[in-house]
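# Observations on the three-dimensional arrangement
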Amino acid sequence: MDLETGSRQNHLRKQSWRAVLTLAYQSLGVVYGDLSTSPLYVFKSTFAEDIKHSETNEEIFGALSFIFWTLTLVPLLKYVFIVLKADDNGEGGTFALYSLLCRHARVSSLPNCQLADEELSNYKKEIPNLALSSFGSRLKSTLEKHGVLQKFLLVLALVGACMVIGDGVLTPALSVFSAVSGVELAMAKEHHKYVEVPVACIILIALFALQHYGTHRVGFLFAPIVVLWLLCISSIGLYNILHWNPQIYQALSPVHMYRFLKKTQTGGWKSLGGILLCITGSEAMFADLGHFSQLSIQIAFTSFVYPSLILAYMGQAAYLSQHHFIENDYKIGFYISVPENLRIPVLLIAILAAVVGSQAIITGTFSIIKQCSSLGCFPRVKIVHTSSKYHGQIYIPEINWILMLLCLAVTIGFRDTKRMGNASGLAVITVMLVTTCLMSLVIVLCWQQSVFLAIAFVVFFGTIEALYFSASLIKFLEGAWVPIALSLIFMLVMYVWHYGTLKKYEFDLQNKVSVDWLLSLGPTLGIVRVRGIGLVHTELVSGIPAIFSHFVTNLPAFHQVLIFLCVKSVPVPHVGPEERFLVGRIGPREYRVYRCIVRYGYRDVHKDDVEFEKDLVCSIAEFIRKQKDDSTLDARTDGEFGNNDEVMTVIGMPSTNVEGVHICSPSPDGLGLPEVEEIQASTANQVKKRVRFVVPESPKIDDGSRAELRDLMEAREAGVAYILGHSYVKAKQGSSMIKKLFINYGYEFLRRNSRPSTDSLMVPHASTLEVGMMYHV
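Residues numbered from 1 in each chain as written. Predicted model: local features only at pLDDT ≥ 70, side-chain atom pairs only at ≥ 80, totals over all residues. Heavy atoms only, no water.

### Here's the deal with the pattern of salt bridges
- For the structure shown, the criterion picks out 18 salt bridges.
- E91 is paired through a salt bridge with R603; the nearest N and O atoms lie 2.7 Å apart. Placement of E91 in the loop between α5 (58-80) and α6 (94-105) and of R603 in the loop between β6 (593-601) and α22 (611-626) is noted, with a sequence separation of 512 residues between them. As far as the burial class goes, E91 and R603 line up, both buried.
- Among the salt bridges present, the one from D416 reaches R419, with a minimum N-O distance of 3.3 Å.
- Ionic contacts of the salt-bridge type, sharing partners, join the residues D117, K568 and R599 into one network. (Salt bridge = Lys/Arg side-chain N within 4 Å of Asp/Glu carboxyl O. Helix = DSSP H or I, 4+ residues; strand = E, 2+ residues; numbered from the N terminus. Buried < 20%, exposed > 50% of the residue type's maximum accessible area, 1.4 Å probe, protein only.)

Here's what the structure looks like:
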């Protein structure tokens, strides 16, 4: 499975129809695994207890009509033809919509945003030449002025993210348990549950235990399994239609929805919570957009998935319309409509399809948590890239085992599809409601369309989803409390972490040391300079962090080359390698003090290998080569927050900047390096590391830059020391009890149990110096 993101996918989107159709085929195994397994449990959940199957067939026809129009209006009309167009540089999902709104209304949850970030190529607005309507302008200014509205927008996005995480717990349990429930036809009702639950638990444990291997080894099987499953259920559906009730197509008329509600009344309204499950997994079409393309997803759904699902549901309804008296109500599910001699093969295919669908939602959960962490809304976790070739495949160990335990608890605790379906339905419809709300803002602010169009979108789709939401919410005590409880827990974790991180950054900002303080120390800085590079990690994008002044106050010595390093996320999905580094100089040239800001998008893979140090040094060297010997420019300070953009220079990574400075090991013949000069440290014969800078001859660099490069090379050969802040955060005196509870206990607990900010950079322990400091926020 090609789950690559970034430039390769952008390139694929521009290729031939053959490439588009290939992507459409591959999307079947990733995007539609969950949606395609919904026929396993929709009718069973619908007729669980609220309504009964009668000889008039009004309940069956009404349920089929609701399923048909729900599939047509929500996945087909809303997602395929409207929401998919609201991509963020090819990426989709709740955070893609939130990111679009952040950029168009200058609203962001990230505190260290800079004006330079708006110059990123992926930051550009899609329609720069059109003016907002009067309402759009007022809405934009209102969002920018009122912090409460910005927090509400963030909370709305986080609610959607939390419900996706809840779905990551519920969907594997529901899908696998429903697939395994086929054994109920082979044994008595009082016995089959003793088999279903253990088998489902074994499959779930195996599924989560194999996550750390990644899907790239078996991913090529996903699409064939889903294709086989869809062909299987559509063929059985077509057989049931022709054999039992060829007139079942008449039930697709919306009139049957009215008759259904008129006859069943309150019971029919409650049963909509089961019908809702027919669109489980629809959000994946938008969330997984970055792995494929808009056209490929549209082709796969309209030409294959949608017709197959409609035939499957019509076939089940046709069978049930001719079988009014079923001895055991629990047999009204999917397998009763399968011809008896095919039930065992279909059971095996269903289990495989359920595993594929569960795999997709688990991977999606990992992805959404990574995005939350990138935007400062979730504690830092260990992210393992299971494939060096496909960067879209990640694994988060802590989250994986938490999901597994919660999934097993749901399976063992509920032991039936009715309550699992109630829980899953509420999670699914909440995510869709959040998408509808955010889309209405995107229509006005990003697409710059009429406010009436946005209102029509919200009213039409919001009414449909609100109806299903109310039907799911009424089942609160019958399972729907689970996604609410999970969401509240994850929301509390996210809010406490975001609040603590924001307060910590505000403390850093208020207590940062000005560059004037650094300059006042004189040309020699009044401090001993030792050999090597000192790499000071900080969240600040301007000024000198208090942690550094705390360090030099207690230990008046630091390295001959000092680099203030800030690794930050920006509200775009991807930052190109040619725009990764933002480099500037702090103080005069002879101080050898630099600032380097490394920018990542919320879907980018952080550099997690030893090459990062090499790339960082090369970016500083390339900055030195590009700078002119202008003392006025060099002496400029970076000023207040955001004002250092004009003195920072965008530097590409060495892998993308072939004409820039590189670090090479000396070759005996010197071949392959035309039009370059070597800059080696003057003490190279005294050090073990025999490395050099290879600098292009054109344009020529001045003597000052050459000396600066030589000093940088000497420092590089002497070694790099990583100076990290180890902060303890406490609420300052006079704070409210709630703030003390959040900061002193909540945030501190999460901070102690989360990964350090430099974990993804593989900072060597032998070269690490931690500076402890108390933050009173």
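### Quick word on the side chain of S36
- Mapped onto the elements, S36 comes out in helix α3 (residues 33-36).
- In terms of polar contacts, S36 uses its side chain to reach the backbone carbonyl oxygen of Y32, at 2.9 Å.
- When sequence neighbours within four positions are dropped, the list of residues in contact with S36 reads V226, W229, L230, I233 and L309. (Polar contact = N/O pair within 3.5 Å; in protein donor to acceptor, adjacent residues only side chain to side chain. Contact = heavy atoms within 4.5 Å.)

### Notes on the sheet that holds strand β12 (residues 768-776)
- The seven strands are arranged β7-β5-β6-β4-β3-β11-β12 in an open sheet whose pairing can be described as mixed. What marks the edges here is a single partner per strand, and that holds for β7 (649-651) and β12. Between one strand axis and the next, the sheet turns through 30 degrees on average, direction left out of account.
- Across nine bridges, the pairing between strand β4 (residues 557-570) and β6 is parallel. (Pairing = 2+ DSSP bridges. Axes fitted to C-alpha atoms, helices over the stretch in contact; angles between N-to-C directions.)

### Quick notes on the confidence of the model for the chain
- Looking at the chain as a whole, the pLDDT averages 81, with 81% of positions reaching at least 70.
- Across residues 1-14, confidence stays below pLDDT 50; counting only partners more than four residues off in sequence or on other chains, it has 40 contacts.
- Low pLDDT (under 50) marks residues 667-676, which in the prediction has 10 contacts with non-local residues, meaning those over four places away or in another chain. (pLDDT = per-residue confidence, 0-100.)

### Section: a nonpolar patch on the surface
- Taken together, L473, F476, L477 and W481 make up a surface patch of nonpolar side chains, about 420 Å² in accessible area.
- For W481, the position within the fold is in helix α19 (residues 481-510). (Patch = residues over 30% accessible without salt bridge, like charges linked within 9 Å, V, L, I, M, F, W, Y side chains within 5 Å. Areas by Shrake-Rupley, 256 points an atom, 1.4 Å probe, with all protein chains shown as cover.)

### Things to note about helix α24 (residues 703-718)
- For α24, spanning 16 residues, the distance from its first C-alpha to its last is 23 Å, which sits close to the expected 22 Å at 1.5 Å a residue.
- If you check which residues of α24 are buried, you get S705, R706, E708, L709, L712, M713, E714, A715, R716 and E717.
- Just downstream of α24 lies G719, where phi reads positive at about 120 degrees. (Expected span 1.5 Å × (residues − 1).)

### A short note on the packing of aromatic side chains
- Applying the stated criterion across every chain yields a total of 19 aromatic pairs.
- Aromatic side chains F68 and W69 sit 5.1 Å apart centroid to centroid with 80 degrees between the ring planes, which places their arrangement in the edge-to-face category.
- On the basis of relative accessibility, which here comes to 16%, the residue F68 falls in the buried class.
- Arranged with centres 6.0 Å apart and planes meeting at 85 degrees, the rings of F366 and Y395 form a pair that is edge-to-face. Of this pair, F366 sits in helix α15 (residues 343-374) while Y395 sits in strand β2 (residues 394-395), and the two are 29 residues apart along the sequence. Exposure class is identical for F366 and Y395. Each is buried. (Phe/Tyr/Trp six-rings, centres within 6.5 Å; stacked < 30°, edge-to-face > 60°.)

### Structural notes on the packing of helix α8 (residues 147-180) against α19
- It is at 8 Å that the axes of α8 and α19 come closest, and there the two elements cross at 130 degrees. Taken together, the axis directions place α8 and α19 in an arrangement best described as oblique. Judged by the twist between their axes, the crossing of α8 over α19 is right-handed. Seen from α8, the contacting residues are L154, V155, L158, V159, C162, M163, I165, G166, V169 and L170; seen from α19, they are V482, P483, L486, S487, F490, M491, M494 and H498. (Parallel < 35°, antiparallel > 145°, perpendicular 65-115°, else oblique. Left-handed = near helix turned anticlockwise from the far one by under 90°.)

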